[in-house]
Amino acid sequence: MIMEIYADQTENMTHNDIEGFEKVVDLYKNRIYNFSLNLIGSREDAEELTSDVFYKFYRSMERFQNRSSVKTYLFSIARNCCIDHLRKNKHKTVSLEDAKEQAFIQKDVSEKIVSDEKKRVVLDAIKKLDIDHKEALILRELEELTYEEISGILKININTAKTRVRRAKEKLMESLSKTGGDLNG
Amino acid sequence: MDNCKEIKKYLYDMSENEIRDDILLKSISDHLKNCSGCMNEYEKILNVTKDIKGAFLREELPANFTYKIKEKIEKSREDHFSFLLFWKRYRLAFAAVCVMIIFFMSLMIRTDEIKNGKNDQPLVKIKNDIVVFTEKEISEFEKIFNTEDETTMHE
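Conventions adopted
- Residues numbered from 1 in each chain as written.
- Chains lettered and ligands numbered in written order.
- Predicted model: local features only at pLDDT ≥ 70, side-chain atom pairs only at ≥ 80, totals over all residues.
- Helix = DSSP H or I, 4+ residues; strand = E, 2+ residues; numbered from the N terminus.
- Buried ≥ 20, exposed ≤ 12 C-beta atoms within 10 Å, placed from the backbone.
- Contact = placed C-beta atoms within 7 Å.
- Nonpolar A, V, L, I, M, F, W, Y, C, P; charged D, E, K, R; others polar.
- Axes fitted to C-alpha atoms, helices over the stretch in contact; angles between N-to-C directions.
- Parallel < 35°, antiparallel > 145°, perpendicular 65-115°, else oblique.
- Left-handed = near helix turned anticlockwise from the far one by under 90°.
- Expected span 1.5 Å × (residues − 1).

(A) Summary view of the overall build of chain A. Secondary structure assignment for chain A yields ten helices and zero strands. Listed by position from the N terminus, the elements making up chain A come as α-α-α-α-α-α-α-α-α-α. Within the span of chain A, comprising 185 residues, buried residues form 35% of the whole.

(B) Geometry of the interface of chain A and chain B. Taken together, the contacts link 31 residues of chain A with 23 residues of chain B. Only helix 2 (18-40), helix 3 (43-59), helix 7 (117-127), helix 8 (131-142) and helix 10 (158-179) of chain A provide two or more residues apiece to the side of chain A that touches chain B. Considering every element that reaches the side of chain A that touches chain B, the biggest residue donor is helix 2 of chain A, with nine residues. Along the lines of polarity and charge, the residues of the side of chain A that touches chain B split into 16 nonpolar, seven polar and eight charged.

(C) How the structure looks around the packing of helix 3 of chain A against helix 5 (residues 70-88) of chain A. Residues and elements named next belong to chain A. Look at helix 3 against helix 5: their axes get within 9 Å of each other, and the N-to-C directions meet at 130°. Classed by the angle they form, the pair helix 3 and helix 5 counts as oblique. For helix 3 against helix 5, the interelement crossing comes out right-handed. Here D45, L49, D52, V53, K56 and F57 of helix 3 come into contact with helix 5, specifically with L74, I77, A78, C81, C82 and H85. The residue makeup of the contact of helix 3 with helix 5, split by class, is eight nonpolar, one polar and three charged.

(D) Examining the packing of helix 10 of chain A against helix 4 (residues 36-55) of chain B more closely. Where helix 10 of chain A contacts helix 4 of chain B, the two axes come as close as 10 Å, and the packing angle between them is 90°. The orientation of helix 10 of chain A with respect to helix 4 of chain B, classified from their angle, is roughly perpendicular. Contact residues: K169, L172 and M173 of chain A in helix 10 of chain A; K44, I45, V48, T49 and I52 of chain B in helix 4 of chain B. Looking at the contact of helix 10 of chain A with helix 4 of chain B, its residues break down into five nonpolar, one polar and two charged.

(E) Structural view of unusual backbone geometry. Notably, E144 of chain A is not glycine yet its phi reads approximately 55°, a positive angle. If you trace the backbone, E144 of chain A turns up in the loop between helix 8 and helix 9 (147-154). Note on E144 of chain A: 10 C-beta atoms within 10 Å, which makes it exposed. Although it is not a glycine, N17 of chain B adopts a positive phi angle of roughly 55°. Using a count of 8 C-beta atoms within 10 Å as the deciding quantity, one classes N17 of chain B as exposed.

(F) Up close: helix 3 of chain A. The terminal C-alpha atoms of helix 3 of chain A lie 25 Å apart, and with 17 residues this matches the ideal 24 Å at 1.5 Å per residue to within 8%. The complete set of buried residues in helix 3 of chain A reads A46, L49, T50, S51, V53, F54, F57 and Y58 of chain A.

(G) Representation of the environment of S15 of chain B. Residues and elements named next belong to chain B. Mapping S15 onto the fold places it in helix 2 (residues 11-15). Here S15 falls in the buried class, since 20 other C-beta atoms lie within 10 Å of it. Measuring from C-alpha to C-alpha, the distance between S15 and Y42 comes to 7.5 Å, with 27 residues separating the pair along the chain. Look past the residues within four positions of S15 in its chain and what remains in contact with it is Y42, I45, L46 and T49.

The values are spatial; any link to function lies outside them.
Spelled out as structure tokens, the structure:
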């Protein structure tokens, strides 16, 4: 509710309204960061991308006026940034040092956040989903956006958004039943 | 609606409270109470949704993140203003250089055309073995002929 009130206030932001911009950053920074983190899987890159998202948002604040909600607009920018990042890093070769660094980050993430085995198995299965299904699932289940908002961000119709989330869950059920993931709590 | 196949179509919508039609909702609920197969399917969907929600990484950015972004924006603004200052100071010089370049280029092209004889206009235009005159030329001829006629008549 508070978020929506602030989001409404930002409708009248001007290009130099740094105060309004700060409010938006404070409200959405962690949501954009978690969306990016779950989509691309690297903490460092997710932080960098989040920073890019707000920088791009600041630069397009005048053009943005009344076009869509701040939330939808920010997630659209975040989604585009993540897709560009994934595309650029698709064939990236990882040096030994980078690999060690990544292994350290992965271990850190695994130990700190994904504490139990079941969460790890589910997270691994989510990572294996293709990008279309993964982004729809994250927006729905992590960000708890409505299908209308998801369709606006992904530029697809509402039924396609619903189908993607449904298909993602079906794939996860399939994959978890193969790996022996216990879905009964 | 008692058909399991029909009911299963709505289980995902049901698990997300997306069914707005009360009659349909009651019909599905009644079916689930009496059908263990569909109920089992529905519980699987609820459980996988719960597991997904629980597995996502949820972290917070460092406290100085907003400050970092502000810094980045300030930096880009400074760059932008320094460019504007540069432009304001040297725009006349830039315009003068552009005019000179255009002038010399057109001069070079003209000289080149004259050298290669591209600018030599034919004395008369010939189309399909017929000499074609412009309207201006025709009127010039008419004037000449009229003057000649008048001179002959006087003689």
